[in-house]
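So the chains spell out like this:
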Amino acid sequence: MPAGLVAENRGAAYCPDMPHPYFDAPQFIIEGTPESVDITLTPFYYNNGGVPTYVATVPANVEVLAPAPTDPDLARGYSHGVTGTVGVQTSSYGMETQLGFTGDKVAYEPLLATRENAKAFGITLVEPGQAIQVTCPHPQLDQIPYDYGVFAGHWSPYQGTGYALLSVVCTDLEHHDFPHVFASTDPLAPLVISVGRYWPATGEIRLADLWIPTGHALYIPPKPLLLGAPCIDLHNNRNSARACWGNIHKSGVATHTLLQTSGTYTYWYWNPLDTDHSPLR
């Protein structure tokens, strides 16, 4: 038998060395133990050398940042046309709005999480040695450590696929009336947060992945539903481990997130088309 044919047969569908017909189960999201944060007692998020800390008063000589305003004239990220609302579904958890997009492919622009790039989505970058005051209608929040797997974004809560591992990543973005602090705390990989800015009147949405260096954080203030607002700022963190793609020895990224865990109502905007998330160059 020719040597080339032998090599080809080694790549056949059945491999006799495999002990079972399935790969190991991929990691989705591992949630750690919550740490309670009462912003009436500790209203400031202080980036203490990369360690997310909540304090009553800011240490001397620490810069206190003003939250980035929502400026509808700022536009960064890849632009996509929105044809309109395909459908709306509500539950006790919130409202799901399916948007129609033009074209057959959706791309997110990879952007370093600089102050200006974050500002274009109504977000504030908090670097080590800086602080910002956290506001929320509900004072009881939680800081939770997470470990996001590289495949966490390959799941759809909208299309009846359960917890199947999908070959595509759909657009799934949200806003709500409580804040977030997304702290990049993995020592080996940056944190990636998918963001969007949607202008309903003009039918445009800008999409990006913000790559947050280790030790930095993003502060997203409460984003309640404001009828008639010129733009809507959106975010999602299931693609947090995007920076781990291509590294066969690292399948997840560690992070800390501030959020409200009960009594919330969230607004989701989604689209089923496959999305492209390129690495940061």
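Structure: see above.
Residues numbered from 1 in each chain as written. Predicted model: local features only at pLDDT ≥ 70, side-chain atom pairs only at ≥ 80, totals over all residues. Heavy atoms only, no water.

1. Some thoughts on the overall build of the chain
To be explicit about the condition: Helix and strand assignments follow DSSP, with helices taken as H or I runs no shorter than four residues and strands as E runs no shorter than two, numbered in order from the N terminus. Radius of gyration: C-alpha atoms only; globule rule: 2.2 Å multiplied by the number of residues to the exponent 0.38. Only protein chains enter the accessibility calculation, which uses a 1.4 Å probe. A residue is then buried if its area is under 20% of the maximum for its type, exposed if over 50%, and partly exposed in between. Residue contacts are counted whenever heavy atoms from the two residues lie within 4.5 Å of one another.
When you go through the chain residue by residue, the secondary structure sums to 2 helices and 20 strands. Expected size for 281 residues packed as a compact globule is a radius of gyration near 19 Å; at 21 Å, the chain falls within 12% of this value. Taking all 281 residues of the chain together, the buried fraction comes to 46%. Long-range pairs, those at least 24 residues apart, make up 80% of the contacts in the chain with a sequence separation of at least 6.

2. So, the pattern of salt bridges
To keep things clear, this is the line we draw: When a carboxyl oxygen of Asp or Glu lies within 4 Å of a side-chain nitrogen of Lys or Arg, that pair is called a salt bridge.
Applying the stated criterion to the full structure yields 7 salt bridges. For Asp 172, the salt bridge goes to Arg 238, with nearest N and O atoms at 3.0 Å. Pair noted here: Asp 172 is in strand S12 (residues 171–176) and Arg 238 is in the loop between strand S17 (232–236) and strand S18 (252–259), with a separation of 66 residues, a long-range link. By relative accessible area, which is 6% here, Asp 172 ends up buried. Take Arg 238: its relative accessible area is 11%, and that puts it in the buried class. Between Asp 233 and Lys 223 there is a salt bridge, with the nearest N and O atoms lying 3.2 Å from each other. Taken together, the residues span a long stretch of sequence, with Asp 233 in strand S17 and Lys 223 in the loop between strand S16 (217–220) and S17 at a distance of 10 residues. Each member of the pair, Asp 233 as well as Lys 223, is classed as buried. Beyond isolated ion pairs, a larger network of salt bridges with shared partners links Arg 197, Lys 223 and Asp 233.

3. Notes on empty space enclosed by the protein
Applicable threshold: Here a cavity denotes a set of grid points, spaced 1 Å apart and computed over the protein atoms alone, in which a 1.4 Å probe fits but from which it cannot get out, and a pocket denotes an open set meeting protein on both sides within 12 Å along at least five of seven lines; residues with an atom within 4 Å of a point are reported as lining. Grid points are joined across faces, edges and corners, and a volume is the space filled by probe spheres set on the points. Here the nonpolar group is Ala, Val, Leu, Ile, Met, Phe, Trp, Tyr, Cys and Pro; Asp, Glu, Lys and Arg are the charged ones; every other residue, Gly included, is treated as polar.
Using the criterion set out here, one finds 1 cavity of 30 Å³ or more in the structure. Along the walls of the largest cavity sit Tyr 108, Gly 153, Val 169, Cys 170, Thr 171, Asp 172, Leu 173, Ser 194, Asn 236, Arg 238, Asn 239 and His 277, which together make up its complete lining. Broken down by element, the residue count for the lining of the largest cavity peaks at 3 residues, all from S12. Residue classes in the lining of the largest cavity are distributed as 4 nonpolar, 6 polar and 2 charged.

4. Some words on the environment of Ser 92
Following the sequence through the fold, Ser 92 ends up in the loop between strand S6 (78–91) and strand S7 (94–101). Counting along the chain gives 69 residues from Ser 92 to Thr 161, while the straight-line C-alpha distance between them is 21 Å. Dropping the residues within four chain positions of it, Ser 92 is found in contact with Thr 264 and Tyr 265.

5. Section: the packing of aromatic side chains
Put simply, the test is: Working definition: rings of Phe, Tyr and Trp (its six-membered ring) pair if their centres are within 6.5 Å, and the pair is stacked with planes under 30 degrees apart, edge-to-face with planes over 60 apart, and tilted otherwise.
In the structure shown here, the tally under the stated rule is 9 aromatic pairs. For the ring pair Phe 151 and Trp 245, a centre distance of 5.3 Å and an interplane angle of 75° mean the geometry is edge-to-face. Taken as a pair, Phe 151 in the loop between strand S11 (140–149) and S12 and Trp 245 in the loop between S17 and S18 lie far apart in primary sequence, 94 residues in all. What links up through ring pairs into an aromatic cluster is the set Phe 28, Trp 155 and Tyr 163.

6. With respect to the sheet that holds strand S10 (residues 130–133)
Our working rule: In this description, strands pair whenever DSSP reports at least two bridges between them. Each axis is a line fitted through C-alpha atoms, taken for helices only over the stretch in contact, and angles between the N-to-C directions span 0 to 180 degrees.
Strand order in the open sheet formed by 4 strands is S4-S3-S10-S5, with mixed pairing between adjacent strands. On the outer flanks of this sheet lie strand S4 (51–55) and strand S5 (63–65), each paired with one strand and no other. Taken over all neighbouring pairs, the strand axes of this sheet differ in orientation by 30° on average, direction set aside. The pairing of S5 with S10 spans 3 bridges and is classified as parallel. Of the residues in S10, the one forming a bridge with Val 64 is Ala 131.

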